[in-house]
Every structure is written in structure tokens, then in C-alpha cells.
Amino acid sequence: MNKREIKNNSKNVMVVCVACFSILILVMIFGFIIKESLPAISSEGFKLFSGMLWYPTHSEPEYGLAAMFIGSLLITLLTAVIVLPLGYIIAFFMYGYAMPWEKNIIKSSIDLLSGVPSVIIGSFLLVYVAPIFFKLGAWSRENILLGAVGLTILSLPYTASLMEEAMSSVDKSMKEGALALGATKFRAGFSVISKAAMPGLMNAVILTLNRIIGETMVVLMASGGAAIIPMSLWDPVRPLTAAIASEMGEVELGSIHYSSLFAAGLVLLTISFILTLISKKISRRSSK
Amino acid sequence: MPINDDKPSIVISVRNFNAYYSDKKALKEINLDFYKNKITAIIGPSGCGKSTLLRSINRMNDEIAGFRTEGEILYNGKNVNDKKLDLTLYRKNVGMVFQKPTPFPMSIYDNVSFGPRIHGIKNKSKIEDIVESSLKKAALWEEVKDELHKSALSLSGGQQQRLCIARALAVDPEVILLDEPTSALDPIATQKIEILLEELSQNYSIIIVTHNLSQAVRISDYMAYMFQGDLIEYDSTSKIIRSPKNELTEQYLTGRIG
């Protein structure tokens, strides 16, 4: 082997190593979480996932994740109901109506907003928004609606820019084709461009859901701590992420409590994994 | 430029028309008349302004930042750049087909019925009639009549372009603008569209931009030759081919300007 070959080969080896390393980390995270959650799964069985009661520190402890899982789903759903239409409207306006300078303003404020640390959004909610909700009839200062508002603020920039990107990536000729038939900007954007951008829009939806369900700080601060299934917008809720974040620091290492927190992590990881797969599938199909 | 033939009636006239993209002047003092139920070809090398002129006719450049115009384009005597113009109605009368076939991501039927529906036709059987007759006029009916509800994206490129023509016909226009409609198609599909355009010219006024000179010669009644934003020569196609008056036109026709 001459010098150049050695140089080339060593570069190849390095690239392969780095690539393998990232795969290794993923496998290790999965392996580690499964390993740590196994004691809880084997001692509690299916009850771990179906049980509604989460009393890990009682004298007769209960380790049911279902209420928190449903809490996670409900707060995600509630946020989605607010943030998806709002994001679409913003994207629609930016795509079809905004003048370049308006678009710039919206884009930069969105970028700034997406840079705000979630802990600041949480504090803002507790200090300024919670009292308003209190006047409106909330019985708990922290509740599912407050959490959903926080998640909305947090994910709106992301949703709007993803959706705008999806619409902008539709060939300009599609828009012109519709306008040339006499369609208004609204009609062209709504019935033609949005349809053509559907894979991208769906992808934005999935990625947004993924982001909401995994978000921790805002829900920890703003949505209250009760591991119950919320029945009204004013009820507190304890999503899986909040439970892990607040309890992991104090739990006895190796206990069933500790292990069931990892099981909660496993649930989250699985959801996120599935959503990512769906998103990949959508973008792969649309690029064909 | 006046033409001393048997003088067909004028449908669109361009008067002292200038167009700018920001500071760049794309069209310089254009004056010409497009005639009713004739095919007029606008030819010239790339960047000569032929597409800009065509797109100015149905205001497709409105969306482009920095684009502005001076002078007038008159459609049946009305200035199309008038702020009070009902753009929706105007574009219904002056339709456009683009270089790249642009079927909407919906069924063949929905593509053709899109126009009539946005212009307020609700009666289902009437829409069905329009879809059928438009597809027939665009010579596509026989090929798609059994699969009207299939996605338009499943059609071949030539079929897609004829679908776009059918879609433009469905709103019952008077003028059809075509911007290099065959440049993305193979020779057989191109030939089908050329035959179609000749048939359509009996009932519609057609303005076609093409950089395919032989195509312009084959199908057009009138020819406008443009070069670097100027209208160099405009006359009946046979006259231009036989005896171009301007040296630039002759150079283009003989292939010395590409």
C-alpha cells in the first residue's frame, strides 16, 4: 500500500466509525431503557401499562402508568387542536398573502420565539396566564389548559415554518395553473396548493405531535402534578415526561419505582420512534 | 404594425407597452394587435421577452416582486391593468396553458371541473357535460372516458398537457395563451397538440409562445418576432417566411440567431 491508499483507507475507516457510533448510541439507549424497565415489567406485568393508579411511594405502592399515558395523549391532543389550525393559518398567510417584508417579520419573530427557553415560557404562564385562568374559573393554578397553551407557544413556530416550507416546495406552476383559471389566491392556496403539499403538511403534523409529546419543562411547570385522567380543561394532569423529570432525581436506585419510570421512558421512546417512522415513510413516498 | 390583409377583428391589442423587472427593462414600446380566431405565434431567442409579453396579457406577473408595466393592453377595448378589472372574470375569458403540464393533484374529472366550479356552476349534470365536451375538444376524451376518476398525475406528459388545455377550455374562454406548451413533450405528443390547436383556432383566439420555429411556421396564421425586448417584425406567417423585412428576422429564420 502506498501513502495515498493508506490515507484514503484511514479516512474511510474514520467515517464508518463515526457513522457506527451514532447507530450504536441509538441501540444503546434502547437497550439501556429496556434493561432498566425490565424489573418493573416482570414484577408488575401488564398492570404496569394498564393500571390507572400511580402511588409509587405509598406503603402499598401502585405502579400504573395508564393515567399518565392518557394524560400525555390528552394534553398532546388538546395542543394539537390549537396549534395545528393556527400553524396552518400562519403558513397559509405567509405563503399566499404576505408581502416579502411581512414574511420577513413573521419569519424572524417565529425564529426568535422558537429560541425562547421553555423554562421562561413556563414561568411566564405561571405568573401572567394562570391568574387569568383562575378568574375564568380554574380551580387549580396549574392545569391541562395552561400546559397546552405553553406547548402551543413552544411548538407553533416549528409547526408554522414546517407547513410554510411544505407549501412553498410545491411547484410554482401549480399555483399559476390555478390562478390562470381565475381562482382567487385563497382558492388556489386552499384547494390546490394545500392538496399538493399534503405529504409535507402531514409530515409537519407528525413532527409537531412528536415534539409536543416529548416536551417536558413546560408541562412540568404548568400542567400540575396529579396523576389523574383530566375530566375538564381546569384539571391538572401529569404527563409521562413530567413524572420522569420530577421523580427520577429522588427515586431509590434499582427500586420498582425507579424501574417503572424507565418503563414510562420506554413508552415515550416507542411513541416517538413510531411517529418518526411514519414521518420518514410519508416523506419517502412523496419524493418518489 | 398594421397588417393589410383581409383584416380580421382584433381581440387583444398592446399599446406602447413597457415592462420592467425591477430596473431591467424586459419589453420596449410594444405595439401589436392579436386577431380573433387566429393563431398568433410569438417567436424569438431566449430572453427576448416573449414569455413576459404573454404573461403580461393575463397578468400572471402580478405576483412577481418588482415587476411593473407602462402602457396598455386592451382586451375588447378594456385596459386589463385597470385596478377595477375583475381579474377572476378576465382570466376566465383569457385562459393560459403553461410550459410544464400542471395537472392538480386530483382526479381527471376534478381537474376539468375545477374551473367551472370556481366560477359558480353547481348543477352536477351541467358540470358533467362541460367535462365531457372539454375533454372532447382537447382530443383526450377517448383516452380517459373510462377512468375519469383516476388521478390526473397518472397520465402521460402529453395527456397531462391536453388535460390542461381541456381544463382551460372548461371555463369557456375567448382567448387561450400558451407558453411553450410542447417544449416538455415528445414529437408525437407535440404533433397531437399542434393539430388540436389548429382545430381550436376555429372557435378560439390562440396566442402561443414557442422557440420552435418550425412549429410556429406549421400552425400559426400570424407571427411576431421579438429580440431583446423589442418587437422586430409582425405580419402574417406566410409573409414573414417568404420575405422578412427586417434583417434580424431573417437571421433568426435562417438560424444565425438562436
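Analysis parameters
Residues numbered from 1 in each chain as written. Chains lettered and ligands numbered in written order. Predicted model: local features only at pLDDT ≥ 70, side-chain atom pairs only at ≥ 80, totals over all residues. Heavy atoms only, no water. Pairing = 2+ DSSP bridges. Helix = DSSP H or I, 4+ residues; strand = E, 2+ residues; numbered from the N terminus. 1 Å grid on protein atoms, 1.4 Å probe; cavity = no way out; pocket = protein on both sides within 12 Å on 5 of 7 lines; lining within 4 Å. Points joined across faces, edges and corners; volume = space filled by probe spheres on them. Buried < 20%, exposed > 50% of the residue type's maximum accessible area, 1.4 Å probe, protein only. Phe/Tyr/Trp six-rings, centres within 6.5 Å; stacked < 30°, edge-to-face > 60°. Lys NZ or Arg CZ within 6 Å of the ring centre and 35° of its normal. Patch = residues over 30% accessible without salt bridge, like charges linked within 9 Å, V, L, I, M, F, W, Y side chains within 5 Å. Areas by Shrake-Rupley, 256 points an atom, 1.4 Å probe, with all protein chains shown as cover. Salt bridge = Lys/Arg side-chain N within 4 Å of Asp/Glu carboxyl O.

1. Digging into the pairing of strand β2 (residues 24–35) of chain B
Two faces belong to every sheet, and in a regular strand the side chains alternate between them. Residue and element names in this part refer to chain B. When strand β1 (residues 10–21) meets β2, the two strands line up antiparallel, connected through 8 bridges. Looking at the pairing, Tyr20 lines up with Lys25 of β2. Taken together, β1 and the strand that follows it, β2, pair antiparallel across an intervening segment of 2 residues, in which Ser22 is found at a positive phi of about 50°.

2. Points about empty space enclosed by the protein
All names here are of chain B. Per the counting criterion, the structure on display carries 3 cavities of 30 Å³ or more. Each pocket or cavity is described by its volume, and for the largest cavity that value is around 50 Å³. Put simply, the parts of the chain that give the lining of the largest cavity at least two residues each are β6 (94–97) and α6 (157–169). A total of 3 residues in the lining of the largest cavity trace back to one element, the largest contributor, which is α6.

3. Brief notes about the environment of A:Glu165
Residue and element names in this part refer to chain A. By secondary structure assignment, the location of Glu165 is in helix α6 (residues 144–168). By relative accessible area, which is 52% here, Glu165 ends up exposed. Between the C-alpha atoms of Glu165 and Tyr95, which are 70 residues apart in sequence, the distance is 8.8 Å.

4. A closer look at the packing of aromatic side chains
Overall, the coordinates contain 17 aromatic pairs over all chains when judged by the stated rule. Ring geometry for A:Phe124 against A:Tyr128: centres 5.8 Å apart, planes inclined by 35°, an arrangement best described as tilted. One end of the pair, A:Phe124, and the other, A:Tyr128, are both in helix α5 (residues 118–136), 4 residues apart, so they sit about a helical turn from each other. Overall, A:Phe124 belongs to the partly exposed group, its relative accessible area being 41%. Residue classification places A:Tyr128 among the exposed residues on the basis of a relative accessible area of 57%. Both rings, one in B:Tyr225 and one in B:Tyr252, keep their centres 4.9 Å apart while their planes meet at 35°; by these two values the pair is tilted. Here B:Tyr225, found in strand β9 (residues 222–227), pairs with B:Tyr252, found in helix α10 (residues 247–253); they are 27 residues apart in sequence, far enough to count as distant. A single burial state applies to B:Tyr225 and to B:Tyr252, both of which are buried. Joined through ring pairs, the aromatic side chains of A:Tyr88, A:Phe92, A:Phe93, A:Tyr97, A:Phe186 and A:Phe190 make up one cluster. A:Arg187 extends its terminal NZ or CZ atom over the ring of B:Phe114, reaching a point 6.0 Å from the ring centre. Over the ring of B:Tyr20 we find B:Arg68; its NZ or CZ atom is 4.1 Å from the centre of that ring.

5. Observations concerning helix α11 (residues 240–247) of chain A
Residue pairs spaced three or four apart in an α-helix point in one direction, given the helix's 3.6 residues per turn. Counting buried residues in α11(A) gives 6 out of 8 residues, a clear majority hidden from the surface. Those residues of α11(A) lying buried are A:Leu240, A:Thr241, A:Ala242, A:Ala243, A:Ile244 and A:Glu247.

6. Some points on a nonpolar patch on the surface
Residue and element names in this part refer to chain A. A surface patch of nonpolar side chains, about 480 Å² in accessible area, is lined by Phe21, Leu24, Ile25, Met28 and Ile29. Along the chain, Ile29 turns up in helix α1 (residues 3–44). With a relative accessible area of 38%, Ile29 lands in the partly exposed category.

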